[in-house]
Every structure is written in C-alpha cells, then in structure tokens.
Protein chains: 2
Amino acid sequence: MAKRKETSTNHLNREQISGVCGVAHAIDILAGRWKLFILYKLVNRTLRFRELKEHIPNITDRMLTLHLQELEADGLVTRTVYAEVPPRVEYRLTEIAARLIPVWDQLNDWGHQHRDKQLQR
Amino acid sequence: MAKRKETSTNHLNREQISGVCGVAHAIDILAGRWKLFILYKLVNRTLRFRELKEHIPNITDRMLTLHLQELEADGLVTRTVYAEVPPRVEYRLTEIAARLIPVWDQLNDWGHQHRDKQLQR
DNA sequence: TATGCAACACACAAAAATGTAAGTAATGGC
DNA sequence: GCCATTACTTACATTTTTGTGTGTTGCATA
C-alpha cells in the first residue's frame, strides 16, 4: 500500500507472474484486506467516503483511503470531488469493474461451499 | 505463511470478513504469491514436488513448500507420499479445486482485458 | 471566538508475507 | 566410505501490508 521497492525480488516476482497470468493479475488487484467489501458496497450505487466507512465495520479512515486510491489507480472505481465544504467525494464502480460482478457471484458460491466443507472436518 | 498471531486486529478482521463474504474467503485462499501458478500447473495432471518447481520459474523450495502446505490445509490439493528413497511426493487438485477452473477462465479473460486497458493510459 | 464536519495526510508501530542460505534423512551407486 | 538425490526444515533478513493516532483544510454554525 505504501510505495513498493521496485528492485526487490518480491516486487519483480509479482510483476512477472501478473504479466504472464491473467488470474494472478486479477487476484493481485482484488486481494487487499477490504477491497472486495468496498467493491460490493458500490455495486449498483454511488457512495461517498463516509458512507462507505459506515457500511464497512472496523475499517479505518486510512485503510479506506489507501484501498480507494489503489482501486482508482487500477481503474476499478471512479472518484468524483464536489467543490463544497465540508468536502464531498463520491465513488462508483467503473464499467470494467462491473464486468466482474458475475464472476464474483460464482466465486461467492464457491467460497461458501468451500467454507462449509472445511468446517465439517 | 508463518504462524499468524491469532489475537491481532489484522487476524480478527481477516476472519470476520472471510466469514461474511464468500468472495473474500475465496480470494483469501487463492492470494499467495505463487498459488495460482501452482494450481494452474496441476490442472489435469499430477505432479511431484520437483516437477512443480521446474515448471515455476524463480520459486524457491521454501515458498513452494509453504504454499503447498496451505493449499493442502485448505483442501485444494492432495498430497501423496510414496515410501521410496529418495522420496516421491505427488500433488493433485481436489474435486473442489477443480470446480474453480471455469471461474479461473473468466478471471483470466478479465485480467487480460484489464491489463490491456491499463496499458493504454 | 470556538467547535464541528468530511476527507483525507503523516509518522510510526506491528504483523504478515516473501526471500536467502544452509542443513537433514535415508538409500543406491561408485 | 563418499556422493548424489528428493522433499523438505530451520533460522534469519527483507519487504509489504495493515493498524493506531494525530494533524490539516476551509467554511458553517453556536
């Protein structure tokens, strides 16, 4: 989330894998602690910073800010600033993010199946 | 990958989110640096440790071991040990992991689309 | 004049993931 | 006896992610 060290083996490995494999790239983008929660909340509606924060239990201002910045940089959300005081900033899904919704539904089903199965053991 | 501290806010947040959201749970399981690469290599075939290592550039013994252990614990791969010397250990996908293959295909398409789009900017 | 609000930024700390290097066991072949 | 092989393990270092707490801005209202 903070700046990454671009010469580290860690970083280079990440880049190489994401460059080769579309799934790895997708997971890379989606894997932040709160990102999916944020994206979920934005499905079919626009929300402002404070509203997102209220919808997502335990998230802090900082983590919400960092994740939103990354999601914006990755082209998954749009940020709109209104020239008001106090500030008003609205977030919404981009078109390419919306294309993921059906995939999320399937992943969601799988995730629930998997969790149930693991709990039986 | 090493043991996690079960009382940390980090850990508790992770658990809570994964407990509520199937997608978050799925991403949580799949998000290790080399996990998708490993799973990909195992689609439709069984491979032993050394073969996996040769198929995955730059991975180290340690990272491969750690990821395989987690994948096994999460029920995504099966580990079969043969009583030979030198040892022979084979890994294969479980049935529930195989159910993810169609989702991977879609995620893969999306990942490539997304990357192409990002590169245009 | 003091306070509150929204959406951050900043400095710092803690935890988690990843990487590096070396070592281990049992056995077969030389 | 010495070495090679396989699938690891262990100790340690580095990088990355996440969390905590405080400060900032500019205007409105009390």
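Within every chain, residues take consecutive numbers counted from 1 along the sequence as written. Each chain gets a letter, beginning with A, and each ligand a number, beginning with 1, in the order they are written. pLDDT decides what is reported in this predicted model: residues at 70 or higher carry local features, side-chain atom pairs at 80 or more are listed and counted, and totals for whole chains, interfaces and linings draw on all residues regardless. Excluding hydrogens and water, the side-chain figures rest on all heavy atoms present in the structure.

### Digging into the relation of the copies chain A and chain B
Cut-off, in case you're wondering: All copies are superposed by least squares; the fitting set is the C-alpha atoms of residues with a pLDDT of at least 70 in both. Contacts are assigned to residue pairs that have any heavy atoms within 4.5 Å of one another.
Placing chain A over chain B gives an RMSD of 0.0 Å and needs a rotation angle of 180 degrees, together with 0.0 Å of translation along the axis. As the rotation angle and translation indicate, the two copies are arranged about a two-fold axis. When the interface residues of chain A are mapped onto chain B, 100% of them again lie at the interface, so the same face is used by both copies.

### What to know about the pattern of salt bridges
We count it as follows: Any carboxyl oxygen of Asp or Glu that lies within 4 Å of a side-chain nitrogen of Lys or Arg is treated as forming a salt bridge with it.
For the structure on display, the rule yields 18 salt bridges over all chains. One salt-bridge network, in which partners are shared between bridges, spans Arg 4, Lys 35 and Glu 70 of chain A.

### Some remarks on the protein's contact with DNA strand D
Applicable threshold: When we say a residue is near a molecule or strand, we mean one of its heavy atoms is within 4 Å of it. We call two N or O atoms a polar contact when they sit within 3.5 Å, provided that within protein one can donate a hydrogen and the other can accept it, with sequence-adjacent residues counted only if both atoms are side-chain atoms. For helices the rule is a DSSP run of H or I covering at least 4 residues; for strands it is a run of E covering at least 2, with both sets numbered from the N terminus onward. Here the nonpolar group is Ala, Val, Leu, Ile, Met, Phe, Trp, Tyr, Cys and Pro; Asp, Glu, Lys and Arg are the charged ones; every other residue, Gly included, is treated as polar.
As a matter of local geometry, DNA strand D sits amid 32 residues, with Lys 5 and Arg 62 of chain A together with Asn 13, Arg 79 and Tyr 91 of chain B nearest to it. Near the protein, within 4 Å, the atoms of DNA strand D are sugar or phosphate in 68% of cases. Between DNA strand D and Asp 61 of chain B, the relevant distance is 2.6 Å, taken from a base nitrogen to a side-chain nitrogen or oxygen of the residue. Contact between DNA strand D and Gln 69 of chain B: a phosphate oxygen at 2.9 Å from a side-chain N or O atom of the residue. Residue assignment for the surface near DNA strand D shows that the elements contributing at least two residues are α1 (9-20) and α5 (61-73) of chain A together with α1 (9-20), α4 (49-55), α5 (61-73) and β3 (88-93) of chain B. For the surface near DNA strand D, the element with the highest residue contribution is α5 of chain B, accounting for 4 residues. The residue makeup of the surface near DNA strand D, split by class, is 10 nonpolar, 11 polar and 11 charged.

### Examining helix α2 (residues 22-30) of chain B
What counts is decided by this rule: Burial here depends on accessible area, computed with a 1.4 Å probe over protein chains only, as a share of the maximum for the residue type. Under 20% is buried, over 50% is exposed, and the range in between is partly exposed.
In terms of residue burial, α2 of chain B counts as a mostly covered element, since 8 of its 9 residues are buried. For α2 of chain B, the set of buried residues is Gly 22, Val 23, Ala 24, His 25, Ala 26, Ile 27, Ile 29 and Leu 30 of chain B. Next to the buried residues of α2 of chain B lie α2 (22-30), α3 (35-42) and α7 (101-119) of chain A together with α1, α3 (35-42) and α7 (101-119) of chain B.

### Details of the domain arrangement of chain A
Residues and elements named next belong to chain A. So the rule is basically this: Boundary definitions for the domains trace back to an automatic or database domain assignment. Buried area is understood as the total, over both parts, of accessible area removed when two parts are fitted together, assessed with a 1.4 Å probe.
You can read the domains of chain A as domain 1 (1-31) and domain 2 (33-119). Summarising the inter-unit geometry, the C-alpha centres of domain 1 and domain 2 are found 20 Å apart. Taken together, the contact pairs 5 residues of domain 1 with 12 residues of domain 2. Across the interface of domain 1 and domain 2, roughly 720 Å² is buried in total on both sides, 66% from carbon and sulfur atoms. Taken together, the links from domain 1 to domain 2 amount to 1 salt bridge. One salt bridge in this structure joins Glu 70 and Arg 4, with 3.8 Å as the shortest N-O distance.

### Digging into the pairing of β3 of chain B
Residue and element names in this part refer to chain B. Our working definition: Between any two strands, at least two bridges found by DSSP are needed for them to pair.
Across 2 bridges, the pairing between strand β1 (residues 47-48) and β3 is antiparallel. Counted as the bridge partner of Arg 48 is Glu 90 from β3. Pairing of strand β2 (residues 77-82) with β3 involves 6 bridges; the strand directions are antiparallel. If you follow Thr 78 over to β3, its bridge partner there is Arg 92.

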